[in-house]
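# Geometric and topological summary
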Amino acid sequence: MCFLNGREFDQCPTEYTQEHSFTPVKGTCFRYINISAVMEGKKPITSLWFSTIFSLIGLCSNLFALCVLVSASRKTHSRSRSSFLIFLCGLVVTDFMGLLVTGIIVVSYHITQFDWQVFDQNCHLCNFLGMSMVFYGQCPLILGATMAGERFFGINRPFSRSASVSKKRACGIVVMVWCFAFFLGMLPIIGIGKYTLQYPKSWCFLTLLQDSNNKAFGLIFSLTGIFSVSLSFILNTISVVTLCKVYHDRESVQRRRDSEVEMMVQLVGIMIIASLCWLPLLIFIAQTVLQQPSALN
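For clarity, every value in this text was computed on a predicted model and none was experimentally measured.

This part covers the overall build of the protein. Along the protein, the regular secondary structure elements total 7 helices and 4 strands. Along the protein, from the amino end to the carboxyl end, the secondary structure elements read β-β-α-α-α-α-α-β-β-α-α. Classification of the 297 residues of the protein by burial places 42% in the buried group. Counting only contacts in the protein whose residues sit at least 6 apart along the sequence, the fraction spanning at least 24 positions is 73%.

UniProt marks residues 48-72, 84-108, 128-149, 170-197, 217-244 and 265-290 with the feature "transmembrane region" (unreviewed entry), using the numbering shown here. As annotated, residues 84-108 comprises 100% helix and 0% strand, and the C-alpha atoms at either end are separated by 36 Å. Each end of residues 217-244 is marked by a C-alpha atom, and these two atoms are 41 Å apart; helix forms 100% of the span and strand 0%.

So, about helix α6 (residues 212-246). If you check α6, its first and last C-alpha atoms are 51 Å apart, about what 35 residues at 1.5 Å a residue would give, namely 51 Å. N-capping of α6 is provided by Asp211, with a side-chain oxygen placed 3.1 Å from the backbone N of Asn213.

Across 4 bridges, the pairing between strand β3 (residues 195-198) and strand β4 (residues 203-206) is antiparallel. Among the inter-strand pairings, Gln198 is bridged to a residue of β4, identified as Trp203. Here β3 folds back onto β4, and the loop between the two strands holds 4 residues, one of which, Lys201, carries a positive phi near 65°.

Ranked by size, the top nonpolar core spans 24 residues in total, and within it Leu69, Phe84, Leu88, Met147 and Leu267 carry the most contacts. Listed by contribution, the elements that provide at least two residues to this core are α2 (79-112), α4 (124-156), α5 (167-186), α6 and α7 (254-291). The biggest single contributor to this core is α2, with 8 residues.

A word on the packing of α4 against α6. Running from N to C, α4 and α6 point in directions that differ by 25°, and their axes come no closer than 8 Å. With respect to α6, the element α4 is oriented roughly parallel. Taken as a pair, α4 and α6 cross one another with a handedness that is left-handed.

Enumeration over the complete set of coordinates arrives at 1 salt bridge. Residue Arg151 pairs with Glu150 through a salt bridge whose shortest N-O separation is 2.9 Å.

Here α5 contains 20 residues, and its C-alpha end-to-end distance of 29 Å stays within 8% of the 28 Å for a straight helix at 1.5 Å per residue. Three or more residues of α5 are buried, namely Ala170, Val174, Val177, Ala181, Leu184 and Gly185. Projected down its long axis, α5 carries its buried residues within an arc of 100°, all on one side. Exposed side of α5, more than 90 degrees from the buried face: Lys168, Arg169 and Met176 are the residues found there.

Attention now goes to a nonpolar patch on the surface. A cluster of nonpolar residues, Ile189, Ile190, Ile192 and Ile220, forms a patch on the protein surface that exposes about 310 Å² of accessible area. Looking at the element boundaries, Ile189 is found in the loop between α5 and β3. For Ile189, a relative accessible area of 40% corresponds to the partly exposed category.

Let's shift gears to the state of the cysteines. Counted by the stated rule, this structure contains 1 disulfide. Paired through a disulfide, Cys126 and Cys204 show a sulfur-sulfur distance of 2.0 Å. Because the sign of the S-S torsion sets the handedness, a value of about -120° for the bond joining Cys126 and Cys204 places this disulfide among the left-handed ones. Taken together, the positions of Cys126 in helix α4 and Cys204 in strand β4 put the pair 78 residues apart, joining distant regions of the chain. Exposure class is identical for Cys126 and Cys204. Each is buried. Here Cys89 stays free of any disulfide, with the sulfur of Cys171 as its closest cysteine sulfur at 9.0 Å. The exposure class assigned to Cys89 is buried, which follows from its relative accessible area of 17%.

As a further point, take the environment of Ser108. Its place among the elements puts Ser108 in helix α2. A sequence separation of 94 residues divides Ser108 from Ser202, and the C-alpha atoms of the two residues are 8.9 Å apart. In this view, Ser108 contacts Gly103, Gln113 and Phe114; residues no more than four positions away in its chain are not counted. Within polar-contact distance, the side chain of Ser108 engages the backbone oxygen of Ile104 at 2.5 Å.

Here the focus is unusual backbone geometry. Unusually for a residue other than glycine, Gln113 sits at a positive phi of about 50°. Within the secondary structure layout, Gln113 lies in the loop between α2 and α3 (116-119). Residue Gln113 is classed as partly exposed on the basis of its relative accessible area of 48%. One non-glycine residue with positive phi stands out, namely Cys123, at about 70°. Looking at the secondary structure, you find Cys123 in the loop between α3 and α4.

The rules behind each value
Residues numbered from 1 in each chain as written. Predicted model: local features only at pLDDT ≥ 70, side-chain atom pairs only at ≥ 80, totals over all residues. Heavy atoms only, no water. Helix = DSSP H or I, 4+ residues; strand = E, 2+ residues; numbered from the N terminus. Buried < 20%, exposed > 50% of the residue type's maximum accessible area, 1.4 Å probe, protein only. Contact = heavy atoms within 4.5 Å. UniProt positions renumbered as here; feature names shortened; annotations may be inferred. Expected span 1.5 Å × (residues − 1). Polar contact = N/O pair within 3.5 Å; in protein donor to acceptor, adjacent residues only side chain to side chain. Pairing = 2+ DSSP bridges. Core = buried A, V, L, I, M, F, W, Y, C linked by side-chain atoms within 4.5 Å. Axes fitted to C-alpha atoms, helices over the stretch in contact; angles between N-to-C directions. Parallel < 35°, antiparallel > 145°, perpendicular 65-115°, else oblique. Left-handed = near helix turned anticlockwise from the far one by under 90°. Salt bridge = Lys/Arg side-chain N within 4 Å of Asp/Glu carboxyl O. Arc of directions from axis to C-beta. Patch = residues over 30% accessible without salt bridge, like charges linked within 9 Å, V, L, I, M, F, W, Y side chains within 5 Å. Areas by Shrake-Rupley, 256 points an atom, 1.4 Å probe, with all protein chains shown as cover. Disulfide = S-S within 2.5 Å.

This is the structure in C-alpha cells:
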C-alpha cells in the first residue's frame, strides 16, 4: 500500500521520492505501476535468458506446427477437415505473431534496460504492447470457441447447414475474429481504460486501478475470455458425448468418424492449454475488479 496526504492507494506511482512528492511524468502509462515494482531486495523471476528461451521455444514450435498444418491441408479432400485446418492455421499464425511482437519488445528491454519514461514519453510503445497483449491473448480463446461451434454443428447438426464451411468462409471467420480482438485491444486507446507499465517494467497491460473506465475494460476483457472458454467447454463436451454414442455404428462411415475424433482430440487439447494459460488470470482480473469499490476519477 502507498499513503499520500492521508490517503491510501492500492498501487504506487512509478516516481515516488523520499520527500513524499511525485515526479511529474508526461505519459499516463507511467503514473501507476503494480505494487511489486517498488519492492526492493527481491529478484524478479523474469530475465533476459528466460524471456529469450521462452520466446524461441514458442516460435519454433509454432513454425513446426504451421508446416505440418500446411502439408496436411494439401493432402486432405474433406471440406470439414479443410476448414478446421484453416482455423488451426489461423490460431498458430496468431500465436506465432504474438510471441514475435511481444518477445521483441520484452527481450529488447532486458538487453538494453532502457528507461521507458525517456524512450517512450508519449506511451506509444507501451500502448502498442498492451494492445498486443490483449489482441494476441483474446484471439486464441475466441478462435477456440469458434472452432468448437463449427465442430458442434458439424457433428450434432450435420444437415442443418446447406453446406459445410468452405475454405473462403473459414478464412472470413478468422479475419472477423481478428477484427473483434483488435477492437477490444483498441478500447483503452479510445478512452475506455488505459494501459500502464507493469512489474518488472518490461511489459504493459491493462490497469486494475479502480476508476470506472479501467473497471469497465477489465470486466470486458476478463468476461469475454471467460465466456469463450466456457462456450468451448460446453460445445466440446456435447460433441465428444455425441461421438462416443455413434462411434461404433455403421462401419461404412468409420473412416469419417475417425477423422471427426482426431479433430475433436486436437480441439480439446487446444481448449485445455488455453484454459490453463489464461483462465486463472481472467478470473483474477474479474475478482479484483468486482470485489474492490470504484475510486473517484
